[in-house]
Amino acid sequence: MLPYSKKVIQHFTDPKNFGKIKNASGIGHVGNPHCGDMMDIYIKVEKVGDKEIIKDVKFETLGCAAAIATSDMVCDLVKGKTLEKALEVGYQDIVNELGELPAVKIHCSVLAHHGLKAAVEDYRKKS
Amino acid sequence: MPKVYLDYAATTPIDPKVLRAMMPYLKKDFGNPSSIHAFGQKAMSAVDSARQITANFLGCGPAEIIFTGSATEADNLAIFGSVKKGDHVIISNIEHHAILETCQALEKRGVEVTYLPAGKDGLVAVSDLDKAIKSNTALVSIMYANNEIGTVQPIQEMGKLLQDHKILFHTDAVQAANFLDCDVEKLGVSLLTLSSHKIYGPKGVGVLYIKNGVKISPMIYGGGQEQSIRSGTENVAGIVGFGEAIKQIQDPKIKIHNIKIRQFRDKLIKMILKLIPDSRLNGSQTNRLPNNVNISFKGAEGEAVVIALDQKGIACSTGSACSSKSLEPSHVLLALGLSHEEAHGSLRITLGRNTTEQEINRLLNVLPPIVERLRKISGYNK
């Protein structure tokens, strides 16, 4: 069995952020069926003054335990942040917050980071 | 709650009788079989006795049995030892990596390899084998039973087809040995591989049966053990354990228990397909090992299912790439025509000697909610 940290297992077992957001401001679809991980990140953006803040963020992920945990974690990390601050959250931050990830699973955290980026890009295209 | 082991195709626990038989050779009877003194002769006679038991099981002579360090080594020996540049080799596209990777290495050395397709049901057609034979075909290697999906190939019919040709016929019988007749005459094979740790023996012992008269070049040179085909001091305790394990799998009580295993398997297949919508059985339901269940779920990834089951104390396995180092899912499931997504969503449950009905029921209780939960997370709604 892969050596998953307690925190990875916790976010895999009891993710708080899964689901769709109706009328999402932006959606990022990433991953491909070849690697086995498909991730959708939904964001709800609200303008407060001149700032754009991620009011809500959710995910839907078909993937391994690490893919689910990193999806949940990226949502935790960017919720309430401005878009600029949210985009500064890199894959390494996701890994650090989860404690650790097996080397072969680092790509899951990269996917989560890309998922958020894609959602922000989608939002900017629409707005 | 006690843990439930349902991964017998990965490895099996040592039979207590096997362990008991091995113990003296790890303690007082530690001699080297190559030594001519009493210590050595005691060890040699133990190895010979295990060789005779194995020969009886396969219906061959003891001189046709070569002990190796693993079944992978035996597979490598069968192929590397018999094929040279310019030869043609035929295998199936669902062989174990021990065969597949070996043949891929041979391709780089100027050997031509034909990969026979296993159909949707995971079975290789004898007619396809017939069509693939060429004038320079030196070796055919088709596994007896598949490690992932448990499908049983028509080895005997293939053997019949090949008997009129001057072609070596190898079968990897590692998964088959627990349940199927491995008589080499009946099968019509000239080479056959067995593994100890899949039949309740210790790890670190494999066997290659080499038919009398077949020339196999060694891969390991040294002190000339195993008729100079596989040098290296014999793993005496391991070989003794293997011999005892071979004895045990022929025990009528074990054979009767195998009927129960088959009933458990049928119950599992029937109930999982009934309880979990959008699930499918991979591989033929009829030409299948009595202990193998391999099911794909849409909308749930295999590794995630395995981890979730592990949290509930149940050990299973998956053909999902997410459990391995490569990102490609199981070549076996892809060969069956499954989409990448379906291949990633596979679960392998393999039953064994200690499997009980309670364990089966526990799995049936735990599995449907796990798949349902993962489908919620993946947004799979059908």
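Residues numbered from 1 in each chain as written. Chains lettered and ligands numbered in written order. Predicted model: local features only at pLDDT ≥ 70, side-chain atom pairs only at ≥ 80, totals over all residues. Heavy atoms only, no water.

Things to note about the overall build of chain A
Step number 1: The number of helices and strands found in chain A is five helices and three strands.
Step number 2: In sequence order, chain A lays out its α and β elements as α-β-β-β-α-α-α-α.
Step number 3: Its C-alpha atoms give chain A a radius of gyration of 14 Å, near enough to 14 Å, the size a compact globule of 127 residues would have.
Step number 4: Over its C-alpha atoms, taken along the principal directions, chain A stretches across nearly 50 × 25 × 20 Å.
Step number 5: Here chain A holds 127 residues, and the buried ones make up 54% of them.
Step number 6: Within chain A, contacts between residues separated by at least 24 positions form 62% of all contacts whose residues are at least 6 apart in sequence.
Step number 7: Carbon together with sulfur atoms contributes 52% to the accessible area of chain A, which is approximately 5,900 Å² in total.
Step number 8: Positive and negative charge centroids in chain A, built from 18 and 17 side chains respectively, lie 3 Å apart. (Helix = DSSP H or I, 4+ residues; strand = E, 2+ residues; numbered from the N terminus. Rg over C-alpha atoms; globule rule 2.2 N^0.38 Å. Buried < 20%, exposed > 50% of the residue type's maximum accessible area, 1.4 Å probe, protein only. Contact = heavy atoms within 4.5 Å. Areas by Shrake-Rupley, 256 points an atom, 1.4 Å probe, with all protein chains shown as cover. Lys, Arg positive; Asp, Glu negative; His and termini not counted. Charge placed at Lys NZ, Arg CZ, Asp CG, Glu CD.)

A few points about the environment of Ala71 of chain B
All names here are of chain B.
Step number 1: Positionally, Ala71 belongs in helix H3 (residues 71-80).
Step number 2: Separated by 136 residues in the primary sequence, Ala71 and Val207 have C-alpha atoms spaced 6.5 Å apart.
Step number 3: When near neighbours in sequence (up to four residues on either side) are disregarded, Ala71 contacts Val174, Thr193, Leu194, Ser195 and Gly206.

Concerning the sheet that holds strand S8 (residues 206-210) of chain B
All names here are of chain B.
Step number 1: The strand order S2-S8-S7-S6-S5-S3-S4 describes an open sheet built from seven strands, whose pairing is mixed. With one partner strand each, in any of the chains shown, strand S2 (65-68) and strand S4 (112-116) form the two edges of the open sheet. Across the sheet, the mean angle from the axis of one strand to that of its neighbour is 20°, orientation sign disregarded.
Step number 2: The sheet contact formed by strand S6 (residues 168-172) and strand S7 (residues 191-195) spans three bridges and is parallel. In the sheet register, His170 faces S7, and the bridge partner there is Leu191.
Step number 3: Docked against the sheet, helix H2 (residues 38-58) engages S2, S7 and S8, running at close to 120° with respect to S2.
Step number 4: Against the sheet, helix H4 (residues 97-107) touches strand S3 (88-92), S4, strand S5 (137-141) and S6, its axis set at about 145° to S4. (Pairing = 2+ DSSP bridges. Axes fitted to C-alpha atoms, helices over the stretch in contact; angles between N-to-C directions.)

Some remarks on the interface of chain A and chain B
Step number 1: On the chain B side, the residues contacting the 25 residues of chain A number 25 residues.
Step number 2: Counting the surface lost from both chain A and chain B, the interface buries some 2,000 Å², and carbon and sulfur atoms represent 66% of this.
Step number 3: The interface formed by chain A and chain B holds one salt bridge in total.
Step number 4: Between Glu303 of chain B and Lys105 of chain A there is a salt bridge whose closest N-O contact spans 3.4 Å. (Buried area = accessible area lost by both parts, 1.4 Å probe. Salt bridge = Lys/Arg side-chain N within 4 Å of Asp/Glu carboxyl O.)

Considerations on the nonpolar core
Step number 1: Leu58, Leu194, Leu309, Ile349 and Leu367 of chain B are the most contacted members of the largest nonpolar core, which has 133 residues in total.
Step number 2: Here this core gets ten residues from one element, more than from any other, and that element is helix H2 (residues 65-78) of chain A.
Step number 3: Looking at which domains feed residues into this core, each of domain 1 (4-12 + 252-378) and domain 2 (16-249) of chain B supplies at least three.
Step number 4: Excluding residues that lie within four positions of it along the chain, Ile349 of chain B makes contacts with Leu6, Leu268, Ile272, Asn291, Asn292, Val293, Cys316 and Leu363 of chain B.
Step number 5: Grouped together as the second largest cluster of nonpolar side chains are 22 residues, Ala74, Leu77, Ala78 and Leu191 of chain B included. (Core = buried A, V, L, I, M, F, W, Y, C linked by side-chain atoms within 4.5 Å. Domains from an automatic or database assignment.)

Describing H3 of chain B
At 3.6 residues per turn, the α-helix brings residues three or four places apart onto the same side.
Residue and element names in this part refer to chain B.
Step number 1: Most of H3 is tucked away, with eight of its ten residues classed as buried.
Step number 2: Of all the positions in H3, only Ala71, Glu73, Ala74, Asp75, Asn76, Leu77, Ala78 and Ile79 are classed as buried.
Step number 3: Considering only its buried residues, H3 is in contact with S2, H4, S5, S6, S7 and S8.

Quick word on the sheet that holds strand S12 (residues 346-350) of chain B
Residues and elements named next belong to chain B.
Step number 1: In spatial order, the strands read S9-S10-S12; together these three strands make up an open sheet with antiparallel pairing. Where the open sheet ends on each side, the last strands, each with one partner, are strand S9 (279-281) and S12. Direction aside, neighbouring strands of the sheet carry axes that sit 25° apart on average.
Step number 2: Strands S9, strand S10 (292-297) and S12 of the sheet are contacted by helix H9 (residues 252-275), whose axis makes an angle of about 10° with S10.

Here we look at the pairing of S8 of chain B
Residues and elements named next belong to chain B.
Step number 1: Counting buried positions along S8 gives five out of five residues, so the element sits mostly inside the fold.
Step number 2: On S8, burial covers both faces: Gly206, Leu208 and Ile210 on one face and Val207 and Tyr209 on the other are all buried.
Step number 3: Sheet topology places S2 next to S8; four bridges connect them, and they run antiparallel. For Thr68, the partnering residue across the bridge sits in S8 and is Gly206.

Structural notes on the packing of helix H1 (residues 6-13) of chain A against helix H10 (residues 302-311) of chain B
Step number 1: As a packed pair, H1 of chain A and H10 of chain B sit with axes 11 Å apart at the nearest point and diverge in direction by 105°. Accordingly, the angle class assigned to the pair H1 of chain A and H10 of chain B is roughly perpendicular. Counted together, Ile9, Phe12 and Thr13 of chain A of H1 of chain A and Ala304, Ile307, Ala308 and Gln311 of chain B of H10 of chain B form the full contact between these two elements.
Step number 2: Its residues assigned to classes, the contact of H1 of chain A with H10 of chain B shows five nonpolar, two polar and no charged. (Parallel < 35°, antiparallel > 145°, perpendicular 65-115°, else oblique. Nonpolar A, V, L, I, M, F, W, Y, C, P; charged D, E, K, R; others polar.)

Points about the environment of Lys253 of chain B
Residue and element names in this part refer to chain B.
Step number 1: Inspection of the secondary structure puts Lys253 in helix H9.
Step number 2: Owing to a relative accessible area of 66%, Lys253 belongs among the exposed residues under this scheme.
Step number 3: Once the C-alpha coordinates of Lys253 and Glu357 are considered, the two residues, 104 residues apart in sequence, prove to be 18 Å apart.

Points about the side chain of Asp15 of chain B
Residues and elements named next belong to chain B.
Step number 1: Structurally, Asp15 is set in the loop between strand S1 (4-5) and helix H1 (16-26).
Step number 2: For Asp15, a relative accessible area of 10% gives the class buried.
Step number 3: Filtering out sequence-adjacent residues up to four positions away, Asp15 remains in contact with Tyr200, Gln248 and Arg353.

Digging into unusual backbone geometry
Residues and elements named next belong to chain B.
Step number 1: Non-glycine residue Tyr200 carries a positive phi angle of around 70°.
Step number 2: Among the secondary structure elements, Tyr200 is positioned in the loop between S7 and S8.
Step number 3: Since its relative accessible area comes to 7%, Tyr200 is described here as buried.

None of the figures reported here should be taken as evidence of function without further support.
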